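Coordinate inspection notes
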Amino acid sequence: MEYSVLGSSGEKVSRACLGSMTWGLQNTQQEANQQLDYAMSKDINFIDTAEMYPVPPSPGRFGHTEKIIGNWLSLSPTLRSKIFLATKIVGPGLGYIRDGANITGETVIGAIDDSLKRLQTDYIDLFQLHWPNRPFPHFAKHKPGRITFTDLDAEQEEQGMLEILKALDTCVKAGKIRYCGLSNDTPWGLSTYTKLSKAHNLPKMVSVQNEFSLLHAKDWPYLIETCVRENIAYLPWSPLAGGVLSGKYLNGQFPKGTRWTLEQRNGIFRNTPAVHAATAKYVELAEKIGITPAQLALAWCNQVDGVTSSIIGATSLEQLKENIDAFDIHLSQDAINDVHDIFAQYPVPF
């Protein structure tokens, strides 16, 4: 397993980051332990979770994934020092979490304390804002006109961001978190946080975690260039586009127990004719190369300039092994060219 430096933090993290959002719903504690143990045996040191997991989220399962990781950590006192652990605070919208309110300085501090308890640890390596307070063009809201940017009071938004940074600074100084980052944010959000950090001598956002895959590459090139120039790690989530790039949903299939068979908070917005047409071509190309479709998608994402670590997830140990093996695959230039020929036909399939 290769490693990259996580932005300005200076910390080295594995190119594959183990995601955890299925643990507590599609996966049991025992299965999560097996995944964690296997990932560590393959030299993965980067683990990502969130207070709202598992997904799809619900009031009855809130915080369960963090508890599962905490239970695993409690099995051995030596485990904690071997991993780089990341979690997130939810943005507004979930009524059963802090009444669906915006992220504030006060809620940041409270969420960090609660995550520490569930994770059974004294510190969090990377604490991220799961999504912004303002309207944002993510979760299938990226098509022109879905967000009205001119309605935003930018000055008021910046004041809220400054309050959040001050709370994060308090937690860094208290030793509760080491670094902070963003998720589902934009070049403006990232640049504004960077500006405020410099102006007020507050912690810098060292990473941004956004959806990025062969079916959803809107962050290239603008946000990724911002990350490179500002020394901020870019962390793709859902590099398999919710599993569809594995090919398992082709021809109208909904395999039992898969994510698309579960109720989705935002609907199954990736289920479009263009998505399936593009996926069929990627599956054909993977067969030509001699790798699995999932490995093609992950190997491509791993080779995108500016990507620091890709967040992978699996509901079985076999899937996890297949996904981790993708990070040992180097796609030839001919293969990359073939990928981009398909991408040019389906640049925004959902």
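For the structure given in this document, a descriptive report is provided here. Predicted model only: the values in this text are computed from it and were never measured.

Calculation notes
Residues numbered from 1 in each chain as written. Predicted model: local features only at pLDDT ≥ 70, side-chain atom pairs only at ≥ 80, totals over all residues. Heavy atoms only, no water. Helix = DSSP H or I, 4+ residues; strand = E, 2+ residues; numbered from the N terminus. Rg over C-alpha atoms; globule rule 2.2 N^0.38 Å. Buried < 20%, exposed > 50% of the residue type's maximum accessible area, 1.4 Å probe, protein only. Contact = heavy atoms within 4.5 Å. Areas by Shrake-Rupley, 256 points an atom, 1.4 Å probe, with all protein chains shown as cover. Phe/Tyr/Trp six-rings, centres within 6.5 Å; stacked < 30°, edge-to-face > 60°. Lys NZ or Arg CZ within 6 Å of the ring centre and 35° of its normal. Expected span 1.5 Å × (residues − 1). Salt bridge = Lys/Arg side-chain N within 4 Å of Asp/Glu carboxyl O. Pairing = 2+ DSSP bridges. Axes fitted to C-alpha atoms, helices over the stretch in contact; angles between N-to-C directions.

1. Here's the deal with the overall build of the protein
- Secondary structure summary: the protein contains 10 helices and 10 strands in total.
- The C-alpha radius of gyration of the protein comes to 19 Å, within 12% of the 20 Å expected for a compact globule of 350 residues.
- Oriented by its inertia axes, the alpha-carbon framework of the protein measures out at about 55 × 50 × 35 Å.
- Relative to its full complement of 350 residues, the protein shows a buried share of 56%.
- In the protein, of all internal contacts separated by at least 6 residues, the share reaching a separation of at least 24 is 77%.
- In the structure as shown, the protein presents an accessible area of about 14,800 Å², 49% of it carried by carbon and sulfur atoms.

2. What to know about the packing of aromatic side chains
- Under the defined criterion, the tally for this structure stands at 11 aromatic pairs.
- Centroid distance Phe84 to Tyr179: 6.4 Å. Interplanar angle 25°. Geometry classified as stacked. One end of the pair, Phe84, is in strand 5 (residues 84–89); the other, Tyr179, is in strand 7 (residues 177–183), with 95 residues separating them in the sequence. Taken individually, Phe84 and Tyr179 each receive the classification buried, so the pair is uniform in this respect.
- These aromatic residues form a ring-pair network of at least three members: Trp131, Phe136, Phe139 and Trp237.
- Taking NZ or CZ as reference, Lys141 lies 4.2 Å from the ring centre of Phe136, over its face.

3. Comments concerning unusual backbone geometry
- That bond from Val55 to Pro56 is cis: its omega, 0°, falls within 30 degrees of zero.
- With a phi close to 70°, Asp43 is a non-glycine residue in the positive phi region.
- In this structure, Asp43 sits in the loop between helix 1 (29–41) and strand 4 (46–48).
- Residue Asp43 is classed as partly exposed on the basis of its relative accessible area of 43%.

4. Considerations on helix 1
- Taking 1.5 Å as the rise per residue, helix 1 with 13 residues should run 18 Å; its terminal C-alpha atoms sit 18 Å apart, in good agreement.
- Contact partners of the buried residues in helix 1: strand 3 (16–19), strand 4, helix 2 (64–74) and helix 9 (317–325).
- Of the residues one or two after helix 1, Asp43 is the one with positive phi, at around 70°.

5. Description of the pattern of salt bridges
- Tallied over the entire structure, the rule returns 16 salt bridges.
- As a salt-bridge pair, Asp113 and Lys176 come within 2.8 Å of each other at their nearest N and O atoms. Of this pair, Asp113 sits in helix 3 (residues 105–119) while Lys176 is found in the loop between helix 4 (154–173) and strand 7, placing the two residues 63 residues apart along the sequence.
- The exposure class assigned to Asp113 is partly exposed, which follows from its relative accessible area of 25%.
- What you see here is one network of salt bridges that share partners, running through Glu11, Arg80, Asp125 and Arg178.

6. Section: the sheet that holds strand 5
- With parallel pairing, 8 strands are arranged side by side in an open sheet as 9-8-7-6-5-4-3-10. Each edge of the open sheet carries a strand with a single partner, namely strand 9 (233–237) and strand 10 (310–312). The average angle at which neighbouring strand axes cross in this sheet is 30°, direction not considered.
- Judged from the 3 bridges that link them, strand 4 and strand 5 form a sheet pairing that is parallel. Paired with Asp48 across the two strands is Ala86, which belongs to strand 5.
- Here helix 5 (residues 187–200) sits on the sheet and contacts strand 6 (124–129), strand 7 and strand 8 (205–211); the angle it forms with strand 7, its principal contact strand, is near 150°.

Functional significance is not addressed by these values, which are geometric in nature.
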